[in-house]
Amino acid sequence: MITAVRKPMEEIIECISPFKRILLIGCNECVTVCAAGGRKEVAVLSSALQIAFMKKGKTLEVKEITLERQCDPEYVEALVPDIDRADAVLSMACGCGVQEAARRFKSKPVFPAVNTQFMGASERPGVWAERCQGCGDCVLGLTGGICPVARCSKRILNGPCGGSTGGKCEISPDVDCAWQLIWDRLKELGLEAQYEDILCAKDWRTSRDGGPRRIIREDLE
Amino acid sequence: MKTESVLEKILNAGHLAVTSECGPPRGSVPEKVREKAEMLRGYVDAINVTDNQTAMVRMSSLAACILIRQMGLDPILQMVTRDRNRLAMQSDILGAYAHGIDTMLCLSGDHPHFGDHPMAANVYDLDSIQLIQTVRDMRDNGTFQGGDKILNPPQMFIGAAANPFADPFELRVARLAKKAKAGVDFLQTQCIYNLEKFEKWMEGVCDRGLDEQVSILAGITPMKSAGMARYMKSKVPGMDVPDDLVKRMAGVAKDKQAEEGINIAIEAIERLKAVKGVRGFHIMAIEWEQRVPEIVERAGLYPRPQV
């Protein structure tokens, strides 16, 4: 999923301070699962903002709507009946959802209420960790199902570097060394010999370095 | 012979090679580079010039290498893949060779987290093994990484680093094998304090015949004090300093500890000379370059052979 965390309250208040009526929108997908921008978080933020405005002797009218999927134009259409009553839109979706709202409602300022983080998985309740960088040319089949691009701090394809200590990365004892994990998994699979195959320089064009990416599926167009 | 590198000539003639290093200054101060390099003149075959070591901004390795080359000495251009992409690295290699620099060391480098710009973008377009492949292809095929032909391809003698003390230990010989396969010519190791563990690693290296493919220079760093020994033991990633060595340093009076550190380094060199596959020494006296001549002399590595 795409993970996110809410921005600091002061930053959100600063963005919307010129406005009296806002449309606060959540998303029922990834940000709901990572407890950053679903229906519940929308309600909590709405109350907090109204209290903050009241303390300053101002009022804030908040309309709360949590969309099924904010990155999908079809669902964003559901905001049409309420958009005219709002001076601005505050979105708790990931960056994709925020941009879809901005694209659809050209005359309204749209602000993000969360910082989008990474594509990750849940490790345990309350903990999410990065798993994929969307490099566009997956190497997981060669690395025991553990991604060196996303999980090695130096994204090195032929690790481990000289800083791997006791299974941990040189940058922090809280970060696993991806190449220790890869090696352990290759051993479990009896694929030790595969370790000595050199992974050649990556073609980063399939990643962000080739410019903004699109997928075109003619069979679905 | 693949190149005109003095280091290659020394190794090819069967001599034990001696290299040392010089960290460029944190400012535009060419005198500092010259001062450090001058101390090493005649005592080492080539001088490594570090590339923003510990992820701190310093004068570029290439610029400092040129200064050293102009003094008639032989620098080793260190290049980390952390700060620059393949375009920038290859253009620097062309520039280095154009200035008569023919020996380099391919490294991944410390993560920016450790340095004075932890907020910097972390490039890693290539890793150290892919950089070795790139430099080898530039030399042997005369092509850039992108495939185009090079005009007067740089003939670099290619080095890399190895840390026999990092984890997992069982992978450390295999990683060297990958560097050998990528085309590395010589290798400088991390500072060796745990001699037994190093010897065990070398056994593994020799069992696979890797010592025939790659010239291995053992890394030696004299300790200045018991405090430094403790710091290296606990704070430097991938460093293995045995307890008895820390005790030995702490066991002598403070004003004698530097002397003891030098003695330990010389004893290590003497012992490692007998280890199969050790082809020389890389003496990294960090901000202590003035003691290198004494270490080289006392270790019986002086005078340096003329090749």
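Residues numbered from 1 in each chain as written. Chains lettered and ligands numbered in written order. Predicted model: local features only at pLDDT ≥ 70, side-chain atom pairs only at ≥ 80, totals over all residues.

Draft legend 1. Spatial organisation of the overall build of chain B. A count of helices and strands for chain B gives twelve helices and eight strands. Over its C-alpha atoms chain B spans a radius of gyration of 18 Å, differing by no more than 12% from the 19 Å that the globule rule assigns to 307 residues. Dimensions of chain B, computed from C-alpha atoms along their principal axes, come out at roughly 60 × 45 × 45 Å. (Helix = DSSP H or I, 4+ residues; strand = E, 2+ residues; numbered from the N terminus. Rg over C-alpha atoms; globule rule 2.2 N^0.38 Å.)

Draft legend 2. Layout of the interface of chain A and chain B. In this complex, chain A contributes 24 residues to the contact, which on the side of chain B involves 27 residues. Taken together, the residues of the side of chain A that touches chain B break down into eleven nonpolar, nine polar and four charged. (Contact = placed C-beta atoms within 7 Å. Nonpolar A, V, L, I, M, F, W, Y, C, P; charged D, E, K, R; others polar.)

Draft legend 3. Expanded view of the sheet that holds strand β5 (residues 110-112) of chain A. Residues and elements named next belong to chain A. Taken together, the four strands give an open sheet; going across it, the order is β3-β2-β4-β5, and neighbouring strands pair in parallel fashion. Strand pairing shows two members of the sheet lacking a second neighbour, β3 (61-67) and β5, which therefore form its edges. Within the sheet, the average angular offset between the axes of one strand and its neighbour, ignoring direction, is 25°. Here strand β2 (residues 21-27) pairs with β3 via seven bridges, running parallel. Following the sheet pairing, Arg21 is matched in β3 by Glu61. (Pairing = 2+ DSSP bridges. Axes fitted to C-alpha atoms, helices over the stretch in contact; angles between N-to-C directions.)

Draft legend 4. Main features of the confidence of the model for chain B. Chain-level pLDDT for chain B is 97 on average; 100% of the residues reach the 70-or-more range. Scored as a complex, the prediction yields pTM 0.97 and ipTM 0.95. (pLDDT = per-residue confidence, 0-100.)

Draft legend 5. The sheet that holds strand β1 (residues 2-6) of chain A, seen in detail. Residues and elements named next belong to chain A. Taken together, the three strands give an open sheet; going across it, the order is β1-β6-β7, and neighbouring strands pair in antiparallel fashion. Where the open sheet ends on each side, the last strands, each with one partner, are β1 and β7 (127-132). Neighbour-to-neighbour, the strand axes of the sheet open up by a mean angle of 70°, direction not taken into account. Sheet topology places strand β6 (residues 114-124) next to β7; five bridges connect them, and they run antiparallel. Bridge pairing in β7 places Gly120 opposite Glu130.

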